[in-house]
Amino acid sequence: QVQLVESGGGLVQAGGSLRLSCAASGRTFSSYAMGWFRQGPGKEREFVAAVSRDGGTTYYADSVKDRFTISRANDKNTAYLQMNSLKPEDTALYTCAASRPLAWPEVANGLKYDDWGQGTQVTVSS
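Within every chain, residues take consecutive numbers counted from 1 along the sequence as written. Local features in this predicted model are restricted to residues of pLDDT 70 or higher, and side-chain atom pairs are both shown and tallied only at a pLDDT of 80 or more, whereas totals for entire chains, interfaces and linings draw on every residue. Heavy atoms throughout the structure, all of them, feed into the side-chain values; hydrogens and water do not.

Peer 1: Help me get a handle on unusual backbone geometry, residues and values and all.
Peer 2: Looking along the chain, the bond that leaves W104 and enters P105 is cis, with omega of 5 degrees. Strands are runs of DSSP state E lasting at least two residues, helices are runs of H or I lasting at least four, and both sets are numbered from the N terminus onward. The residue P105 is located in the loop between β9 (92-99) and β10 (115-116) in this model. The backbone phi angle of N77 is positive, close to 55 degrees, even though this residue is not glycine. You can see N77 is positioned in the loop between β7 (68-73) and β8 (78-83). The phi torsion at S85 lies on the positive side, around 50 degrees, for a residue other than glycine. With respect to the helices and strands, S85 occurs in the loop between β8 and β9.

This is the structure:
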């Protein structure tokens, strides 16, 4: 089990950028695949992005591809989500999650993740 704490959310104007961080406890961070999910107001949780254990493989939802970048620093037990060209429809609670190694399409399925953080709110104004 790993404990996850997100940070970096906030209020930003459309077209702006934010970088989210997900800090993990424990010494086995590098054994987990990491994912970011979001849930907007009145919407179901949706997959945003995921990264493999070594950071070499990444996956993105079509809605964020070419705008968001997921990465990780295993020496810092932290995963990141760089979000550029933000849109009002990106407004959501963003949550990171950890899983055993996954491949597409399982990596986009939240049910495959074992540990979740509490989330950080991102609000994009028009």
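So much for the structure itself; the text now carries on.
Peer 1: I'd like a rundown of the packing of aromatic side chains, residues and numbers included.
Peer 2: Working definition: a ring pair exists when centres of Phe, Tyr or Trp rings (six-membered ring for Trp) sit within 6.5 Å. Plane angles under 30 degrees give stacked, over 60 give edge-to-face, the rest tilted. Per the stated rule, a full pass over the model turns up six aromatic pairs. Here F37 and W116 contribute two aromatic rings whose centre-to-centre distance is 5.1 Å and whose plane-to-plane angle is 55 degrees, an arrangement assigned as tilted. One end of the pair, F37, is in strand β4 (residues 33-39); the other, W116, is in strand β10, with 79 residues separating them in the sequence. An aromatic cluster is present here, built from F37, F47, Y59, W104, Y113 and W116 joined pairwise through their rings. Here, over-ring charges are defined by two tests on the NZ atom of lysine or the CZ atom of arginine: distance to the ring centre within 6 Å, and angle to the ring normal within 35 degrees. The ring of F37 carries R45 above its face, with NZ or CZ at 5.7 Å from the centroid. Over the aromatic face of F29 sits the side chain of R72, whose NZ or CZ is 4.4 Å from the ring centroid.

Peer 1: Describe the state of the cysteines, listing the residues and the values that go with them.
Peer 2: Between two cysteines, a covalent bond joining their sulfur atoms is known as a disulfide. Two cysteine sulfur atoms make up a disulfide if the distance between them is within 2.5 Å. For the coordinates displayed, the defined rule picks out one disulfide. The partner cysteine of C22 in its disulfide is C96, sulfur to sulfur 2.0 Å. A torsion of 65 degrees about the S-S bond marks the disulfide between C22 and C96 as right-handed. Remark: C96 occurs in strand β9 and C22 occurs in strand β3 (residues 18-24); sequence separation between them is 74 residues.

Peer 1: Talk me through the pattern of salt bridges; I want residue IDs and the actual numbers.
Peer 2: Salt bridge, as used here, is a side-chain nitrogen of Lys or Arg placed within 4 Å of a carboxyl oxygen of Asp or Glu. This model, assessed by the stated rule, comprises five salt bridges. Residue K65 pairs with D62 through a salt bridge whose shortest N-O separation is 3.2 Å. In this structure D62 comes out as exposed when scored by relative accessible area, which is 66%. As a salt-bridge pair, K112 and E106 come within 3.6 Å of each other at their nearest N and O atoms. Buried residues are those whose accessible area, probed at 1.4 Å on protein chains only, stays under 20% of the maximum for their type, while exposed residues exceed 50% and partly exposed ones sit between those limits. With a relative accessible area of 30%, K112 lands in the partly exposed category. For E106, a relative accessible area of 32% puts it in the partly exposed group. What emerges from the salt-bridge pattern is a single network uniting R38, E46, R67 and D90.

Peer 1: Go over the sheet that holds β3 with me, naming the residues and quoting the values.
Peer 2: Two strands pair under a simple rule: DSSP has to find at least two bridges between them. If you walk across this open sheet you meet the four strands as β1-β3-β8-β7, and the pairing is antiparallel. At either end of the open sheet lies a strand with only one pairing partner, and these are β1 (4-7) and β7. The sheet shows a mean angle of 15 degrees between the axes of neighbouring strands, taken without regard to direction. Two strands pair when backbone bridges link them, and β7 and β8 are joined in this way by six bridges, in the antiparallel orientation. If you follow R72 over to β8, its bridge partner there is A79. Note on method: axes are straight lines fitted to C-alpha atoms, helices fitted across the in-contact stretch only, with angles between N-to-C directions ranging 0 to 180 degrees.

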